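# Observations on the model geometry
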Amino acid sequence: MISMYGIKNCDTIKKARNWLDNERVPYSFHDYKVSGVDKDRLEEWVMEHGWETILNRSGTTFKALDAGDKAHIDADKAILLMMANPSMIKRPILDTGKGTIVGFKATTYENALHGVKA
């Protein structure tokens, strides 16, 4: 089963979910704001993509951090920040069962999910 991770009200999540729905791709949705995120999953994503890709440094939540929290970030610190503030996780993260896709681009989804329809 394909799983999408994100925050329900995010515009990029809405676009990605609409794309999946229009293409009739079955998936489950995990909302960080409702269900949180576990450390093991974040560690897997960071191992696969690097913390620089998973940590959303352009969002308002990250920008609102004090200078000390923004300084000297490494993988461990990034994971702790994202666990404490799930809004700082790049969205969406789509787990295809064979790997994860970070962010949304229709062509990337099309290539990764070719032939996966209900």
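Residues numbered from 1 in each chain as written. Predicted model: local features only at pLDDT ≥ 70, side-chain atom pairs only at ≥ 80, totals over all residues. Heavy atoms only, no water.

## Description of the packing of helix H3 (residues 39-49) against helix H7 (residues 75-84)
At a minimum axis separation of 10 Å, H3 and H7 run at an interaxial angle of 135 degrees. Classified by the angle between their axes, H3 and H7 sit oblique to one another. With respect to the hand of their crossing, H3 and H7 are arranged in right-handed fashion. Side by side, H3 and H7 meet where Lys-39, Leu-42, Glu-43 and Val-46 of the first sit next to Ala-75, Ile-79, Met-82 and Met-83 of the second. (Axes fitted to C-alpha atoms, helices over the stretch in contact; angles between N-to-C directions. Helix = DSSP H or I, 4+ residues; strand = E, 2+ residues; numbered from the N terminus. Parallel < 35°, antiparallel > 145°, perpendicular 65-115°, else oblique. Left-handed = near helix turned anticlockwise from the far one by under 90°. Contact = heavy atoms within 4.5 Å.)

## Quick notes on the sheet that holds strand S1 (residues 2-6)
Pairing is mixed across the open sheet formed by 4 strands, whose spatial order is S2-S1-S3-S4. The sheet is open, and its two edges are formed by strand S2 (27-31) and strand S4 (100-102), each paired on a single side. If you compare each strand with its neighbour and ignore which way they point, the axes differ by 20 degrees on average. Pairing analysis gives 5 bridges linking S1 to S2, with the strands arranged parallel. Across the sheet, residue Gly-6 finds its bridge partner in S2, namely Asp-31. Relative to the sheet, H3 contacts S1, strand S3 (93-95) and S4, its axis offset from that of S4 by approximately 80 degrees. Relative to S4, helix H8 (residues 106-113) is tilted by about 175 degrees, and along the sheet it contacts S1, S3 and S4. (Pairing = 2+ DSSP bridges.)

## Regarding the pattern of salt bridges
Pairs can form between side chains of opposite charge whenever their charged atoms are close. With the rule as written, the count across this model stands at 1 salt bridge. Between Asp-38 and Arg-41 there is a salt bridge; the shortest N-O distance is 3.9 Å. (Salt bridge = Lys/Arg side-chain N within 4 Å of Asp/Glu carboxyl O.)

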